[in-house]
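Now for the letters of each chain:
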Amino acid sequence: MIAEHKVKVLFTAPTAFRAIKKEDPKGLLLKDYDLSEYKALFLAGERLDPDTYHWAKDLLEVPVIDHWWQTETAWAIVANPMGIEQFSVKPGSATKSVPGYDVKILDSEGNEVGPGEEGNIVIKLPLPPGTLATLWRNEDRFVSSYMSRYRGYYETGDGGYIDEDGYVFVMGRIDDVINIAGHRLSTGAMEEIVASHSQVAECSVIGLDDALKGQKPLGLVVLKAGTDCEVEELNKELIHMVRNGIGPIACYRETVIVTRLPKTRSGKILRGTMRAIAAGKEYRMPSTIDDPSCLEEVATALEMIGYPVEQS
Amino acid sequence: MENYQEVFDKSLNNPEEFWAEAAEAISWHKKWDIVLDSSDPPFYRWFRGGELNTCYNAVDRHVENGHGDRTAIIYDSPVTDTVRKISWTELRDQVATLAGALKAQGAEKGDTIIIYMPMIPEALVAMLACARLGVIHSVVFGGFAANELAIRIDHAQPKMIICASGAIEGKKQLAYKPLIEAAIDQSEHKPEKSIVFQRDFLQADLGQPGDLDWQEIIKDAEPADCVPVAATDPLYILYTSGTTGMPKGVMRDNGGHAVALQWSMKNIYNMEPGDVFGRPRMWAGWSAIPILSTLRFCMAAPRSFMKESLSAPRMQEHSGG
């Protein structure tokens with residue numbers, strides 16, 4: 001497509017490139033095409049991992065430009081402004097705040113943090129033109145979803161940091177929305193469906209890193225007492241239910257049965273902690289956890305189905 | 001060339017001057033009264049008092065400026081073995097004709113219409129036709145299940161649904177019409193009409209009350225002109241998942257959207273008129289953007305990008321046709 005139509009700029013999601021990387025890791029097929037008109041690859045829609053960045057850059061020999069924006073903003077918040085000044089790329093960063101966006105990093109108290117310190121990514125109001133004017137037929141939710149946590153700022157819901165050179169690093173969602181091949185989907189919606197299964201007492205759906213799609217969902221399920229079912233059979237039924245309820249794009253494929261879910265004393269399921277266990281990341285025992293031994297049970301159950309995936 | 005820091009500082013220190021300058025690149029029916037209305041925070045409205053039409057800016061003015069014969073859209077779909085090139089004049093005529101047909105069916109400024117289509121040029125034509133009439137469109141991704149579509153129908157309350165008979169997903173055909181009928185069964189709000197674009201490989205049964213065939217209604221349609229709308233009027237609603245239940249309907253206005261996207265094409269992407277912007281996947285709502293600045297817009301169906309990159313013999317033949 002690039003060669004035939006003399007495409008100058010290609011704009012897609014990292015998932016497309018991970019798909020090619022999987023099939024043609026050395027990029028041998030590229031040699032057959034004339035890409036002399038091709039000037040830049042722009043990626044967005046999900047986090048561009050440094051691995052894919054290096055792969056694409058080395059093969060294509062054009063600038064690989066990550067940029068970050070949200071459905072809400074309609075256009076780039078952080079980018080490498082090729083038409084103004086092209087900056088050298090730092091892998092993992094979408095580069096600098098786009099003119100019009102006053103991007104800040106705040107701690108949970110609403111104080112601005114220093115360079116390199118991770119926190120909540122916010123944008124000082126007013127937002128530039130083109131961004132969401134409100135939520136349709138729901139002004140209250142516009143205020144409560146985006147504008148109320150930090151007065152005078154738009155809350156992006158993403159976490160990250162800004163380094164001493166002004167490069168913005170977006171690390172991922174703070175809430176429970178996962179990004180599957182560029183589609184933002186709510187794990188809460190999937191949980192509702194999984195929980196509606198007749199044998200499921202309680203469940204949690206978490207997002208795991210996926211080499212191809214960026215993220216994928218995994219269901220942790222507590223069975224109703226006295227039920228006896230095969231996990232394979234249950235998994236098949238849940239796949240079917242999520243497919244019908246949300247659509248094939250949810251990519252729900254995996255279920256693990258656990259005896260209970262880790263929770264805070266107030267009953268909030270510790271999704272972040274389970275995500276860390278499944279990803280093999282270090283985590284801090286939440287101070288509010290109800291029963292710490294529960295985490296070991298979850299770790300054992302995850303191990304049985306191959307999580308965390310061993311890094312090669 | 002100005003450097004980034006200068007531009008960035010100006011945009012924050014004097015946003016009204018900065019964006020008023022950027023707004024000169026858009027054709028306005030009536031200039032704004034105030035650049036930024038900040039009287040009711042956290043609601044901010046740009047270009048209050050201004051009037052424009054987004055479709056005019058995205059299509060008609062390029063024809064009027066002598067670009068009519070140039071290619072506007074390149075559609076390349078290996079899954080259906082199609083490559084189509086559409087010129088600016090053809091695009092304008094298709095959009096104006098569909099807009100006329102929608103108008104004849106009762107669509108008017110301020111109405112909402114849901115578009116449920118795969119990534120084919122007709123999806124773009126439908127979005128632009130809505131914008132032409134001042135109708136607010138909401139694109140619902142053609143892979144969403146019936147109950148998700150039903151939730152969006154109840155929220156957006158569309159007067160009509162514009163859809164395709166189906167799509168090809170991977171190697172399978174997916175019929176859309178049964179999904180839409182199931183959604184309308186579930187929803188409380190009932191759209192008056194469903195306008196179906198029949199695809200060659202899949203004919204939908206148009207047996208429900210209000211079902212209309214796209215190709216039929218455009219036959220004798222009188223082309224419609226662009227209707228000026230307020231800069232602050234909604235252009236589209238785009239649903240995005242929240243953490244709980246009901247998706248959030250992001251409301252985008254006409255004026256700010258046109259100004260910001262026009263600005264970003266040059267300043268972020270460094271695209272000049274006539275350059276080809278490749279877009280193998282579609283984020284709903286983004287498709288109309290590159291064409292604001294006379295770019296050529298190269299659409300490809302989902303998967304085609306991968307296929308093209310992977311099947312060398314096919315590519316040499318004709319890039320997957």
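Note that the structure is a prediction, hence the values are computed from the model and not measured.

So, how was this worked out
Residues numbered from 1 in each chain as written. Chains lettered and ligands numbered in written order. Predicted model: local features only at pLDDT ≥ 70, side-chain atom pairs only at ≥ 80, totals over all residues. Heavy atoms only, no water. Helix = DSSP H or I, 4+ residues; strand = E, 2+ residues; numbered from the N terminus. Buried < 20%, exposed > 50% of the residue type's maximum accessible area, 1.4 Å probe, protein only. Contact = heavy atoms within 4.5 Å. 1 Å grid on protein atoms, 1.4 Å probe; cavity = no way out; pocket = protein on both sides within 12 Å on 5 of 7 lines; lining within 4 Å. Points joined across faces, edges and corners; volume = space filled by probe spheres on them. Nonpolar A, V, L, I, M, F, W, Y, C, P; charged D, E, K, R; others polar. pLDDT = per-residue confidence, 0-100. Salt bridge = Lys/Arg side-chain N within 4 Å of Asp/Glu carboxyl O. Lys, Arg positive; Asp, Glu negative; His and termini not counted. Polar contact = N/O pair within 3.5 Å; in protein donor to acceptor, adjacent residues only side chain to side chain. Pairing = 2+ DSSP bridges. Phe/Tyr/Trp six-rings, centres within 6.5 Å; stacked < 30°, edge-to-face > 60°. Lys NZ or Arg CZ within 6 Å of the ring centre and 35° of its normal. Axes fitted to C-alpha atoms, helices over the stretch in contact; angles between N-to-C directions. Parallel < 35°, antiparallel > 145°, perpendicular 65-115°, else oblique. Left-handed = near helix turned anticlockwise from the far one by under 90°.

What chain B contains, in helices and strands, is 11 helices and 17 strands. Relative to its 321 residues, chain B shows a buried fraction of 63%. Considering only intrachain contacts with a sequence separation of at least 6, the fraction spanning at least 24 residues in chain B is 65%.

Turning our attention to empty space enclosed by the protein. Counted under the stated rule, the structure contains 3 cavities of 30 Å³ or more. Considered as a void within the structure, the second largest cavity measures approximately 130 Å³ in volume. What lines the second largest cavity is a set of 14 residues, among which A:Leu127, A:Thr131, A:Leu132, A:Ala133 and B:Tyr44 lie closest to the centre. Elements supplying a minimum of two residues to the lining of the second largest cavity: helix 3 (139-147) of chain A together with strand 2 (43-48) of chain B. If one sorts the elements of the lining of the second largest cavity by residue count, strand 2 of chain B sits on top with 3 residues. Across the lining of the second largest cavity, the residue classes break down as 11 nonpolar, 2 polar and 1 charged.

Take the confidence of the model for chain A next. Overall, the predicted model of chain A reaches an average pLDDT of 85, with 93% of residues at or above 70. By mean pLDDT, helix 1 (residues 14-23) of chain A is the weakest element of chain A at 69, and strand 5 (residues 96-97) of chain A is the strongest at 96.

A few words on the pattern of salt bridges. Residues and elements named next belong to chain A. Within the structure shown, the criterion is met by 25 salt bridges over all chains. Salt-bridge contacts for Glu-112 lead to Lys-104; the nearest nitrogen and oxygen are separated by 3.9 Å. Salt bridges here are not isolated pairs; linked through shared partners, they connect Lys-90, Asp-163 and Asp-165.

With respect to the secondary-structure elements, B:Lys248 resides in strand 15 (residues 248-253). The side chain of B:Lys248 sits in the buried core without any salt bridge; A:Glu72 is the nearest counter-charge, 4.5 Å away. A polar side-chain atom of B:Lys248 sits 3.4 Å from a polar atom in the side chain of A:Tyr146.

Time to look at the pairing of strand 12 (residues 183-186) of chain A. Residues and elements named next belong to chain A. Along strand 12, one buried face is formed by His-183 and Leu-185 and the opposite face, lined by Arg-184 and Ser-186, is buried too. The pairing of strand 11 (residues 177-180) with strand 12 spans 4 bridges and is antiparallel. Across the sheet, residue Ile-178 finds its bridge partner in strand 12, namely Leu-185. Linkage of strand 11 to strand 12, two consecutive antiparallel strands, is achieved through a turn of 2 residues, within which Ala-181 is found at a positive phi near 50°.

A few words now on the packing of aromatic side chains. Within this structure, the stated rule accounts for 18 aromatic pairs over all chains. Look at A:Tyr161 and A:Phe169: their rings are 4.7 Å apart centre to centre, the planes differ by 5°, and that puts the pair in the stacked class. Measuring from ring centre to ring centre gives 4.9 Å for B:Tyr116 and B:Tyr176, while their planes differ by 65°; the resulting arrangement is edge-to-face. In this pair, B:Tyr116 sits in strand 6 (residues 112-116) while B:Tyr176 sits in the loop between strand 10 (172-175) and helix 7 (177-186), placing the two residues 60 residues apart along the sequence. Look at B:Tyr176 and you get buried, because its relative accessible area is 2%. Its end group placed over the ring of A:Phe87, A:Lys96 keeps NZ or CZ at 4.5 Å from the ring centre.

The next subject is the packing of helix 6 (residues 271-279) of chain A against helix 7 (residues 293-304) of chain A. All names here are of chain A. Remark: helix 6 packs on helix 7, axes separated minimally by 10 Å, with the N-to-C direction vectors making an angle of 40°. Regarding the angle of helix 6 to helix 7, the classification is oblique. Both helix 6 and helix 7 take part in a crossing whose hand is right-handed. Across the interface between the two elements, Thr-273, Met-274, Ile-277 and Ala-278 of helix 6 pack against Leu-295, Val-298, Ala-299 and Leu-302 of helix 7. In terms of residue class, the contact of helix 6 with helix 7 is made up of 7 nonpolar, 1 polar and no charged.

Before going further, it helps to examine helix 4 (residues 187-195) of chain A. Residues and elements named next belong to chain A. Judged by how many residues are buried, helix 4 sits mostly within the fold: 7 of 9 residues are covered. Along helix 4, the residues classified as buried are Thr-187, Gly-188, Ala-189, Met-190, Glu-191, Ile-193 and Val-194. The elements touched by buried residues of helix 4 are strand 11, strand 12, strand 13 (200-210), strand 14 (214-223), helix 5 (231-245) and helix 6.

Turning next to unusual backbone geometry. Omega for the bond connecting A:Leu125 with A:Pro126 falls within 30 degrees of zero, at 0°, which places this linkage in the cis form. The omega angle of the peptide bond from B:Pro41 to B:Pro42 is 5°, so this bond is cis rather than trans. Following the sequence through the fold, B:Pro42 ends up in the loop between strand 1 (34-40) and strand 2. One non-glycine residue, A:Arg137, lies in positive phi territory at about 55°. Mapped onto the elements, A:Arg137 comes out in the loop between strand 8 (134-135) and helix 3. The phi dihedral of A:Cys251 is positive, around 55°, even though this residue is not glycine. Structurally, A:Cys251 can be placed in the loop between helix 5 and strand 15 (254-257).

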